[in-house]
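Chain by chain, the residues:
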Amino acid sequence: MALLQTENLLAFYGDFQALFGVDITLAEAEIIAIIGANGSGKTTLMRSISGLLGNFSNMVRFGTIPIGDWSADKIMGLGVAMVPEGRKLFPSLSVEENLLIGTYGRKTNGYWKLDTVFELFPILRERRNNPSTTLSGGQQQMVAIGRALMSNPRVLLCDEISLGLAPIVVKDIYKAVPAIKAAGASLIIVEQDIGQAMAVADRVYCMMEGRVTLSGTPNNLSRAEIHNAYFGAVA
Amino acid sequence: MIWVDTIAQGILLGGLYALFAAGLSLVFGIMRLVNLAHGDLIVMGAYLILVLVTFLGLPPFLAVLIAMPIMFALGWSLQKFILNRTLGNDVLPPLLVTFGLSIILQNVLLESFSADSQRLPTDVLTTASIDVGPISLGVMPLLAFASAIFVIVGLNQLFYKTSLGRAFRATSDDPVTASLMGIKPANIFATATGIAMIVVIIASLYLGLRSNFDPNIGPARLIYAFEAVIIGGLGSLWGTLLGGVIIGVAQTVGAAINPEWQILTGHLAFLSVLLFRPRGLFPRAND
């Protein structure tokens, strides 16, 4: 049974329809990547799953529980944590406080706690008392990931975690993914960098204009197929 | 020596104004909500204490302890069921609704208690004074000032040392991202207003012990509270105490020069701070 799935997911911003029947499934201990151009609906999909955008109840399910119409705070309590696009750290909170607030709605005895997050990203231990605004972009991204991990999520949603970061920093951040998976989370990674997505994911979904246009395992997808699914044009 | 005395009295009066202002500052700091009924809520609190004192025969200091949970529940419900609906990108709805609430409160108090001015019963302790060198300080103003410091220290501890305080600050920064942390912003706001009402009832106690009150004096308390918050810098609680002290000293010094000037000099002090430091003395960095 899927850990998390969407079924015929529709999403709207007022009169504007952003998703037209998206079906994705995430199995236990799986990493899936969602790729697609700007405006293809990737972030809307993340917002729908995390509860920031309301949907009909059955369109999103966590195990057998329909959660499409749940609020974000309630979904987080189930163990679905999100690393939002643009990091969205709390400027009034120090690095350590940003990490601690990740446990507000879900207290667990799981693997991730301050110490283990500092082991994963050692630089954060040195910066723990700094305001989060004084960190570099890469370090801020580490805080955002650590903050989501603090609740020991069963599903970790990562929205554009490489956005605006230098390639070497992106590599550093993706190095954390195996440890995150090993600690018991399944991941949905939204990524514009196709190479990065193919390298890390078990399965890939490609989106265009609010629909899934292609899905499969990285080995079975050709460059040409992805190009078509991405741009909608014949290569 | 008369000037030392005047300034000392002004500082102590500032403690009372800081108590008026602390609840306003708390609510504004967390949800950017300007509660125009704040002064009337203080007056309502004074009547609540009066009722408890009259019907249960309690001393005011005990009555205020009983009033605290009542006020918390009232503030929580007010925020949860009414004020949360007014929050959004538009600043006008909360102003209109709290303005309306102010009028309703004044008239309900007027209907229930008449326009006669009231006062909380004082005893030997509350009218006593202590001689400090050449000047003599009232026990009641000293208690008010000590309470203001106690409230501000307490609120700062709450804000910076507890998990709830982290949630307050995070929600203030970004309610949408806060909800991804499992925080329900509507409940955080309700809790914040509940806590603000506990501060309000402490202010009510000293308002009622210090002077007479009637249903119509709320708006003037609101103005003093506003001025204290703005002089101190929005969102800074210690700034609010300093703001209260500046207004208090300006008022007593003005009154010492000419009794007609008391209110005027307080407002002039506020205007000059606005002129030279429009963001207040301790503005928050990220506003």
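It should be noted that the structure appears before, not after, this text.
Read on for an overview of the structure. Because the structure is predicted, anything quoted here is derived from the model rather than measured. (Residues numbered from 1 in each chain as written. Chains lettered and ligands numbered in written order. Predicted model: local features only at pLDDT ≥ 70, side-chain atom pairs only at ≥ 80, totals over all residues. Heavy atoms only, no water.)

## Topic: the overall build of chain A
Basically, it comes down to this: The numbering of helices and of strands both runs from the N terminus, where a helix is a DSSP run of H or I of at least 4 residues and a strand a run of E of at least 2. Classification of residues uses two cut-offs on accessible area relative to the type maximum, computed with a 1.4 Å probe and protein chains only: under 20% is buried, over 50% is exposed, and between them is partly exposed. By definition in these notes, contact holds between two residues if any of their heavy atoms fall within 4.5 Å. The method behind every accessible area is Shrake-Rupley, applied with a 1.4 Å probe, and residues are considered shielded solely by the protein chains displayed. His is not counted here, nor are the chain ends, while Lys and Arg score as positive and Asp and Glu score as negative. We put the charge of a Lys on NZ, of an Arg on CZ, of an Asp on CG and of a Glu on CD.
Counting secondary structure elements, chain A contains ten helices and ten strands. In terms of its C-alpha atoms, chain A occupies a principal-axis envelope of roughly 50 × 40 × 35 Å. Burial status across chain A gives 54% buried among its 235 residues. Long-range contacts, defined as pairs at least 24 residues apart, comprise 66% of the intrachain contacts of chain A with a sequence gap of at least 6. As presented, chain A carries roughly 9800 Å² of accessible surface, and 52% of it is formed by carbon and sulfur atoms. Distance from the positive charge centre (20 side chains) to the negative charge centre (21 side chains) of chain A: 4 Å.

## Some words on the packing of helix 2 (residues 38-56) of chain B against helix 10 (residues 218-232) of chain B
All names here are of chain B. The condition is simple: Each axis is a line fitted through C-alpha atoms, taken for helices only over the stretch in contact, and angles between the N-to-C directions span 0 to 180 degrees. By definition in this entry, angles of less than 35 degrees are roughly parallel, angles greater than 145 are roughly antiparallel, angles of 65 to 115 are roughly perpendicular, and the rest are oblique. Working rule for handedness: look at the near helix, and if it is turned counterclockwise from the far one by less than a right angle, call the crossing left-handed; if clockwise, right-handed. Charged means Asp, Glu, Lys or Arg here, nonpolar means Ala, Val, Leu, Ile, Met, Phe, Trp, Tyr, Cys or Pro, and polar covers whatever is left, Gly included.
At a closest axis distance of 7 Å, the pairing of helix 2 and helix 10 adopts a crossing angle of 120 degrees. Comparing their axes, helix 10 and helix 2 come out oblique. Once helix 2 is placed against helix 10, the crossing between them reads as right-handed. Two secondary-structure elements touch here, helix 2 through His38, Gly39, Asp40 and Val43 and helix 10 through Gly218, Pro219, Arg221 and Leu222. Of the residues that constitute the contact of helix 2 with helix 10, the class distribution is three nonpolar, three polar and two charged.

## As for the nonpolar core
Quick note on the threshold: Only buried residues count toward a nonpolar core, which is a set of Ala, Val, Leu, Ile, Met, Phe, Trp, Tyr and Cys residues joined through side-chain atoms within 4.5 Å.
By size, the foremost hydrophobic cluster in this structure holds 119 residues, and its most contacted members are A:Ile24, A:Ile34, A:Leu45, A:Met46, A:Ile49, A:Ile188 and B:Leu155. Setting aside anything within four residues of it in sequence, one finds A:Ile188 in contact with A:Leu4, A:Ile24, A:Leu26, A:Ile32, A:Ile34, A:Met46, A:Ile49, A:Leu156, A:Leu157 and A:Cys158. Listed in part, the 48 residues of the second largest apolar core include A:Leu89, A:Leu114, A:Leu149 and A:Ile180.

## Comments concerning the sheet that holds strand 8 (residues 186-191) of chain A
Residue and element names in this part refer to chain A. The test is simple: Pairs of strands are assigned from DSSP output, requiring at least two bridges between the strands.
The strand order across the open sheet formed by six strands is 6-7-8-3-9-10, and the pairing between neighbours is mixed. Pairing within the sheet leaves two strands with one partner each, and these edge strands are strand 6 (80-83) and strand 10 (211-216). For this sheet, the mean inter-axis angle between neighbouring strands, taken without regard to orientation, is 20 degrees. Of the strand pairs in this sheet, strand 3 (residues 31-36) and strand 8 are connected by five bridges, and their pairing is parallel. Its bridge partner lying in strand 8, Ala33 is registered against Ile189. Each of strand 6 and strand 7 (155-159) touches helix 6 (residues 137-149); the most contacted strand, strand 6, lies at about 175 degrees to it.

## A look at the environment of B:Ser129
Residues and elements named next belong to chain B. To keep it simple, the criterion reads: Counting of polar contacts relies on pairs of N or O atoms within 3.5 Å, with two restrictions inside protein: one atom must be capable of donating a hydrogen and the other of accepting it, and residues adjacent in sequence are counted only when both atoms are side-chain atoms.
Note that Ser129 resides in strand 1 (residues 129-132). For the pair Ser129 and Ala167, spaced 38 residues apart in the sequence, the C-alpha separation amounts to 42 Å. For Ser129, the contacting residues outside a window of four places in its chain are Ser136, Leu137, Gly138 and Val139. A polar side-chain atom of Ser129 sits 3.4 Å from a polar atom in the side chain of Ser136.

## Overview of the pattern of salt bridges
Residues and elements named next belong to chain A. Going by this rule: Counted as salt bridges are all cases of a side-chain nitrogen of Lys or Arg within 4 Å of a carboxyl oxygen of Asp or Glu.
Per the stated rule, a full pass over the model turns up ten salt bridges over all chains. As a salt-bridge pair, Arg128 and Glu96 come within 2.6 Å of each other at their nearest N and O atoms. With Arg128 in the loop between helix 5 (122-126) and helix 6 and Glu96 in helix 3 (residues 95-100), the pair connects residues that are 32 residues apart, well separated along the chain. Under the relative-accessibility criterion, Glu96 is labelled buried at 17%. Between Lys175 and Asp172 there is a salt bridge, and its shortest N-O distance comes to 3.3 Å. Residue class for Asp172 comes out partly exposed when judged on its relative accessible area of 38%.

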